[in-house]
Amino acid sequence: MTKQAIGVFDSGLGGLTILSALRRRLPKEDLIYFGDTANVPYGSKSKDAVTRFSLAIARFLQEQGVKLIVVACNTASALALAELRKQISVPVMGVIEPGAEKAVRTTRNGKIAVLGTEATVKSRAYPKAVLKRNKQAEVFQQACPLFVPLVEENWAQTPAARLTAETYLASVSKSGADTVILGCTHYPVLKPVISRILGKKVTLVDSADTLAEAVQTFLTGNGQAAQTGKGKLTVFASDDPHRFKRLAGCLLADKIGAVRLKKLNV
Ligand code: DGL
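In short, a report on the structure.

Conventions used here
Residues numbered from 1 in each chain as written. Predicted model: local features only at pLDDT ≥ 70, side-chain atom pairs only at ≥ 80, totals over all residues. Heavy atoms only, no water. Helix = DSSP H or I, 4+ residues; strand = E, 2+ residues; numbered from the N terminus. Contact = heavy atoms within 4.5 Å. Near = heavy atom within 4 Å. Polar contact = N/O pair within 3.5 Å; in protein donor to acceptor, adjacent residues only side chain to side chain. Areas by Shrake-Rupley, 256 points an atom, 1.4 Å probe, with all protein chains shown as cover. Nonpolar A, V, L, I, M, F, W, Y, C, P; charged D, E, K, R; others polar. Core = buried A, V, L, I, M, F, W, Y, C linked by side-chain atoms within 4.5 Å. Buried < 20%, exposed > 50% of the residue type's maximum accessible area, 1.4 Å probe, protein only. Pairing = 2+ DSSP bridges. Axes fitted to C-alpha atoms, helices over the stretch in contact; angles between N-to-C directions.

## Some details on the side chain of Ser54
Working step 1: Tracing the backbone shows Ser54 in helix H2 (residues 47-63).
Working step 2: Non-local contacts of Ser54, meaning those with residues more than four positions away in its chain, are made with Phe9, Tyr42, Ala76, Ala80 and Leu84.

Okay, here's the thing in structure tokens:
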């Protein structure tokens, strides 16, 4: 069991931010990453569709013999986690709970803002997870649908990104939140522009490190952590693996090697 891989999936590229955190913290673990580039974006789709895609990917990962599945996509975690846990026999971990946990531990004034896709915001998964931990917390949400295409176009450092962020974040500043959850896989790439606008007093929380820590605790607790060797990474995309590899290189310093095509039957 210890040498089995961890399966990680996202609607596309964004989950690579989570993959990096997992590789840093768990360098001995084999990882299989699946980017659903044929169906991205999930953030503007229905619960039904996102659940269907997520189940197809999780079944594929299960066939690869993974010991754990990490849903490295906020939208899929918000919409499909319960169904995945019902239908998939290996343990499944999402990004919402670790992100909420970290935000509750971070806030000093009890005011937390969540930035996410339209679907994640609509699901209220983050407010529910925060309020479960702290009933007194005030949670404010802002959907930022243009952030994902800006990152995918490698425009995170452009005036277009700054203007878009200023528009979305005006209401966040007004909310008085001292802690902001980056509730979408792509948003950590926009951290510099977001923190410049919100200022130093606001802490940005992304779930990548907290999730990696939770995965480590889980595997160690179950005696399933890899003990030796250097973990290897296998990457699949459901459409255009060449584009995936090129954009991954722009987004992340990590080397991801070859990207294989795996079409989904959905
Ligand atoms: N991975 C998605 C998320 O974290 C963002 C991209 C999409 O909309 O599919 O919510």
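That covers the picture; the talk isn't over yet.
## A few points about the site of the ligand
Working step 1: What surrounds the ligand is a group of 14 residues, the closest being Asp10, Ser11, Tyr42, Gly43 and Thr75.
Working step 2: Asn74 is positioned such that a nitrogen or oxygen atom in its backbone is 3.0 Å from an oxygen atom of the ligand.
Working step 3: Take Thr185: an N or O atom from its side chain is 2.9 Å from a nitrogen atom of the ligand.
Working step 4: Taking 290 Å² as the accessible area of the ligand by itself, protein coverage stands at 99%.
Working step 5: Looking at side-chain class alone, the shell around the ligand contains six nonpolar, seven polar and one charged residues.

## Points about the nonpolar core
Inside soluble globular proteins, nonpolar side chains tend to come together where they are buried.
Working step 1: Counting residues in hydrophobic clusters, the biggest one holds 41 residues, and the most contacted among them are Phe9, Leu61, Ile69, Leu84 and Ile88.
Working step 2: Counting residues per element, the ones that place at least two in this core are strand S2 (31-35), H2, strand S3 (68-71), helix H3 (74-87), helix H4 (96-106), strand S5 (111-116) and helix H6 (125-133).
Working step 3: Tallying contributions element by element places H2 first for this core, with nine residues.
Working step 4: When neighbours within four sequence positions are excluded, Phe9 is seen to be in contact with Phe34, Ser54, Ile57, Leu61, Ile69, Val70, Val71, Ala72, Cys73, Ala76 and Leu84.

## Here we look at the sheet that holds strand S8 (residues 203-205)
Working step 1: With respect to topology, four strands assemble into an open sheet ordered S6-S5-S7-S8, the strand pairing being parallel. Edge positions in the sheet fall to strand S6 (138-143) and S8, since each has one partner strand and no second. The average undirected angle you get between the axes of adjacent strands in this sheet is 25°.
Working step 2: One ladder, built from five bridges, connects S5 with strand S7 (residues 179-183); its direction is parallel. Opposite Ile112, over in S7, you have Thr179 as the bridge partner.

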